[in-house]
Amino acid sequence: MKQAETNIRPRYARPYIPNAVFYIPFGYYYTVRLGTLPKLFSWMLIYLMPTAFYSAMGYTGSWPLFALNYGLILLAVFSIYECGYIANDTLSIRHEEQPAIRLYANNFEHFERHKASIFASRIGYSLLALLALYALNGYETALRIGLAILGMAFLFGFYNRWRSRYNVWLYPFLVCSRYIPFMLLVPHPWEVWLLLFLSFPLLNALERFSMPRYRWPLMKQLIPSEDSKTLFRAVYYSVVLLLTFLLVQAKGHTYIVLIPIMILCLYRGSLVFWLKKHNPENYLNG
């Protein structure tokens, strides 16, 4: 990767990144994008917890079978989504004036020599998971989930090729695309879809408009700096919890459906106070 030192934005999550992470499911995301156990815990709260909770609503089979189905969908989805991250970190950055560099020279060299096998291995993981879903749930369910993942892959591919400040408008759809496949195991009412969308995808989409290089006018008011994201997230979940409480009350649903948002509200609120005395590694360095 040849870039003038003044034109790159270092985003190394770890001082050393083994090339093996290119082939290990979830390994690339954890090592290159997260880098620390606290950030892994945060990812589990904002992704695994709401997708597992809301996809389980309305499920009537055995819970061990649900856990297996969920794990297979997660493997199928994230194996492909990591392809998007890998392509972004190795190929798309070549077309940016100030690329974020997350890999080291030996990683770039390994990718250039083995990129076909890297992408083939991850597509293979996803296909094997979809075959297992077909065996467990039949053709229609596996097809729905497979098409959703295919759509996600096309979205990420388009996003990676569209290097402009305006690709931020595509980002909300890309974020949502990695949540949708979990909701296709069984049917869900629109309220459940809405709660899942509010649990994180909307917040993440809003924050995307606050990227330091391309901070959009409205987001300059809401998120004037990177450090202000912590408070913004706490306020977001407080407002969302209030609005969804009113929605659930009006629709006569059980308040159990608000558990993920309650947990996320408590988590983000606690961080506001905890970060006053602590400075965790790689926090806000995404």
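Residues numbered from 1 in each chain as written. Predicted model: local features only at pLDDT ≥ 70, side-chain atom pairs only at ≥ 80, totals over all residues. Heavy atoms only, no water.

Participant: Please explain the packing of helix α2 (residues 37-56) against helix α11 (residues 259-274) as it appears in this structure.
Facilitator: To characterise two packed helices, one gives the angle between the axes of the helices and the distance between these axes. Closest axis-to-axis distance for the α2/α11 pair is 9 Å, and the angle between their directions is 165°. Here α2 is positioned roughly antiparallel relative to α11, judged by the angle of their axes. Crossing hand, α2 versus α11: left-handed. Counted together, Phe41, Ser42, Leu45, Ile46, Met49, Pro50, Phe53 and Tyr54 of α2 and Ile259, Pro260, Ile261, Ile263, Leu264, Tyr267 and Arg268 of α11 form the full contact between these two elements. (Axes fitted to C-alpha atoms, helices over the stretch in contact; angles between N-to-C directions. Helix = DSSP H or I, 4+ residues; strand = E, 2+ residues; numbered from the N terminus. Parallel < 35°, antiparallel > 145°, perpendicular 65-115°, else oblique. Left-handed = near helix turned anticlockwise from the far one by under 90°. Contact = heavy atoms within 4.5 Å.)

Participant: Mind showing me how you'd approach helix α10 (residues 229-251) here?
Facilitator: One turn of an α-helix holds 3.6 residues; hence residues three or four places apart share an orientation. Its 23 residues give α10 an end-to-end C-alpha distance of 32 Å, which sits within 8% of 33 Å, the value for a rise of 1.5 Å per residue. Regarding α10, the residues found buried are Lys229, Thr230, Phe232, Arg233, Ala234, Tyr236, Tyr237, Val240, Thr244 and Val248. Looking at the buried residues of α10, the elements they touch are α7 (190-199), α8 (201-208), α9 (217-222) and α11. Gly252 sits one or two positions beyond α10 and adopts a positive phi of about 75°. (Expected span 1.5 Å × (residues − 1). Buried < 20%, exposed > 50% of the residue type's maximum accessible area, 1.4 Å probe, protein only.)

Participant: Looking at this structure, I do not really get the nonpolar core. What am I missing?
Facilitator: It is characteristic of soluble globular proteins that their nonpolar side chains tend to be buried jointly. Within the largest apolar cluster, 82 residues are counted, with the highest numbers of intra-cluster contacts made by Tyr28, Tyr47 and Ile149. Per-element accounting of this core gives the leading share, 14 residues, to helix α3 (residues 63-90). (Core = buried A, V, L, I, M, F, W, Y, C linked by side-chain atoms within 4.5 Å.)

Participant: Is there a simple way to explain the confidence of the model for the protein chain in this structure?
Facilitator: Reading fine detail from the predicted coordinates is not recommended where pLDDT is low. Averaged over all residues, the pLDDT of the protein chain equals 89, while 94% of them reach at least 70. When the elements of the protein chain are averaged for pLDDT, α9 gives the smallest value, 75, and helix α4 (residues 105-137) the largest, 97. Across residues 1-6 the pLDDT falls below 50, and counting only partners more than four positions away or on other chains, this stretch makes seven contacts in the model. (pLDDT = per-residue confidence, 0-100.)

Participant: Quick question: what am I supposed to make of the packing of aromatic side chains here?
Facilitator: For any pair of aromatic rings, the description rests on two quantities: the centre-to-centre distance and the angle between the ring planes. The tally for this structure, following the rule as stated, stands at 28 aromatic pairs. Note that Arg208 overlies the ring of Tyr171, its terminal NZ or CZ placed 4.4 Å from the centroid. (Phe/Tyr/Trp six-rings, centres within 6.5 Å; stacked < 30°, edge-to-face > 60°. Lys NZ or Arg CZ within 6 Å of the ring centre and 35° of its normal.)

Participant: How should I be thinking about the layout of surface pockets in this particular structure?
Facilitator: It is the rolling of a water-molecule-sized probe over the atoms that shows where space remains empty. Roughly 440 Å³ of internal volume is contained in the second largest pocket. As for the second largest pocket, its lining consists of 21 residues, and the residues nearest its centre are Cys83, Ala153, Phe154, Phe156 and Gly157. Looking at the lining of the second largest pocket, the elements with two or more residues in it are α3, α4 and α5 (139-161). No other element matches the nine residues that α5 contributes to the lining of the second largest pocket. Of the residues that constitute the lining of the second largest pocket, the class distribution is 13 nonpolar, seven polar and one charged. (1 Å grid on protein atoms, 1.4 Å probe; cavity = no way out; pocket = protein on both sides within 12 Å on 5 of 7 lines; lining within 4 Å. Points joined across faces, edges and corners; volume = space filled by probe spheres on them. Nonpolar A, V, L, I, M, F, W, Y, C, P; charged D, E, K, R; others polar.)

Participant: So what exactly am I meant to see when it comes to the side chain of Ser92 here?
Facilitator: Checked against the element boundaries, Ser92 lands in the loop between α3 and β2 (100-101). You can call Ser92 buried: its relative accessible area is 6%. Setting aside its immediate chain neighbours within four residues, Ser92 contacts Ala87, Asn160 and Arg163.

Participant: How should the pattern of salt bridges be read in this particular structure?
Facilitator: Any two side chains of opposite charge can pair if their charged atoms end up close together. Summed over all chains, the structure comprises six salt bridges. With a shortest N-O distance of 2.6 Å, Arg122 and Glu82 are connected by a salt bridge. Taken together, the residues Arg122 in helix α4 and Glu82 in helix α3 connect sequence positions 40 residues apart. Exposure class is identical for Arg122 and Glu82. Each is buried. Between Glu112 and Arg94 there is a salt bridge, with its nearest N and O atoms 2.0 Å apart. Taken together, the positions of Glu112 in helix α4 and Arg94 in the loop between α3 and β2 put the pair 18 residues apart, joining distant regions of the chain. By relative accessible area, Glu112 is classed as partly exposed at 37%. Arg94 gets classed as partly exposed once you look at its relative accessible area, which sits at 42%. Taken together, the shared-partner salt bridges in this structure form one network comprising Arg33, Asp89 and Arg102. (Salt bridge = Lys/Arg side-chain N within 4 Å of Asp/Glu carboxyl O.)

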